[in-house]
Every structure is written in structure tokens, then in C-alpha cells.
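Chain by chain, the residues:
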Amino acid sequence: EILVRSKFKTVTEVPYTFEPRARGESKLSRRIMGQYLRQLMELYSYKYQVLNFMVVGGIGFIINMGLYSLLTLIPALKTFEFNQVGKSYYLPPFVLSSLVAIISNYLMNRASTFKGWKEQKGGFGRYILMSLATLVLDTALLFVFVDKFNLAPQPAAALAILIVFVARFFIARSWVWKKKAPAKN
């Protein structure tokens with residue numbers, strides 16, 4: 001834990017050889033092993049925060065794409081067309097499914113990715129603004145992929161979401177949450 005949470009430039013290992021137990025019983029129970037594994041997972045997400053953000057994003061991606069696929073099957077949405085866009089029935093379902101994924105991602109990121117971080121003032125509002133701004137980019141990419149490159153809506157939506165993912169992480173990390181200052185003794 002000390003190595004993960006600190007910023008040492010060098011580390012020296014001091015070897016130690018365990019000897020077989022001479023008497024008594026080990027206190028290493030399944031509960032202790034479970035606690036150790038949980039601690040390792042917490043340290044892993046602390047050290048590799050972007051991977052935790054990716055897991056949350058992956059869950060949000062599944063939510064988004066699942067709901068998007070269902071919404072594109074609704075006949076009433078297929079008849080809804082923008083005047084200038086034409087065959088853009090795939091855009092309103094994308095916006096709706098993205099909004100659901102945005103809310104779920106915020107809640108999951110708050111509980112896991114940025115656990116222990118201080119949420120900036122108005123953090124939820126900041127997250128929504130960041131998400132809506134990147135949703136505009138997602139939607140524009142979706143439109144270009146479908147109308148200009150003739151991709152099917154679902155793969156195009158998946159590609160648009162993946163492209164904008166990196167921007168979302170860095171904006172969320174710097175604008176929505178910030179590291180808590182270390183406690184002073």
C-alpha cells in the first residue's frame with residue numbers, strides 16, 4: 001500500500017525468508033483473504049484510475065447500447081425525422097439512451113472511480129454539462145458515420161462513444177473531481 005500511494009523514485013527490497021511454523025495456528029482465514037483481495041482491488045483502482053473509469057464506462061456502454069437498440073425498434077421514433085437531416089430516426093434514441101447512461105456513469109464513477117476524491121462545487125451539474133457537451137460530439141460523429149460513411153446506426157454509435165471516451169475521462173478527472181489534499185498531522 002505504501003508503494004502504491006506514495007511517489008518514491010527508488011525502492012529497495014530487503015529479502016526475508018519465512019521459516020516453517022514451529023507452533024500455533026495460522027490466523028489467515030477466508031475472511032482475511034477476502035479483505036486482502038478487496039484491498040488489492042482498491043489499490044489497483046487507485047493506481048490505475050483510468051482502467052476503473054473504463055470498467056464504469058463499459059457498463060455504461062452496455063446500458064447505452066442495449067437501450068439504444070431497443071429504442072430504435074420503436075416505430076414512433078422511426079417516423080420522427082428532423083427536417084434537414086432526413087433519415088435520422090437513429091438520433092433521438094441515441095440521445096435518450098445516452099442520457100440514461102450518463103446518469104448511471106456519474107453514480108458509478110462517484111462510488112468507485114473517484115471514491116475518496118473531492119467532488120468540485122456543483123459536481124453533478126459539472127458532470128452533466130461535460131456529458132452534454134461530449135454528447136453533442138457523440139451525436140455529430142454518429143450522424144457523420146451513418147449519413148456520410150453509410151455505417152449501420154448501432155456500430156456507428158458504438159464507435160462514436162469509444163472515440164469520445166478519452167475526452168470524458170480527462171474532463172471528469174480535472175473538472176468534476178479533484179484529489180483530496182493529504183491530511184496534515
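Reading the values: rules and limits
Residues numbered from 1 in each chain as written. Predicted model: local features only at pLDDT ≥ 70, side-chain atom pairs only at ≥ 80, totals over all residues. Heavy atoms only, no water. Helix = DSSP H or I, 4+ residues; strand = E, 2+ residues; numbered from the N terminus. Buried < 20%, exposed > 50% of the residue type's maximum accessible area, 1.4 Å probe, protein only. Contact = heavy atoms within 4.5 Å. Areas by Shrake-Rupley, 256 points an atom, 1.4 Å probe, with all protein chains shown as cover. Patch = residues over 30% accessible without salt bridge, like charges linked within 9 Å, V, L, I, M, F, W, Y side chains within 5 Å. Salt bridge = Lys/Arg side-chain N within 4 Å of Asp/Glu carboxyl O.

Which residues make up the overall build of the chain, and what values go with them?
When its secondary structure is counted, the chain shows seven helices and two strands. When the helices and strands of the chain are placed in sequence order, the string is α-α-α-α-α-β-α-α-β. When burial is assessed residue by residue, the chain has 31% of its 185 residues classed as buried. Long-range contacts, defined here as pairs at least 24 residues apart, represent 73% of the contacts in the chain between residues at least 6 apart. Here the chain has roughly 13,000 Å² of accessible surface; of this, 66% comes from carbon and sulfur atoms.

Pulling in residues and values, what's your account of a nonpolar patch on the surface?
Together, Tyr-44, Tyr-48, Val-50, Leu-51 and Met-54 line one region of the surface with nonpolar side chains, adding up to about 450 Å² of accessible area. Top element by residues in the nonpolar patch is helix α3 (residues 49-71). It accounts for three residues.

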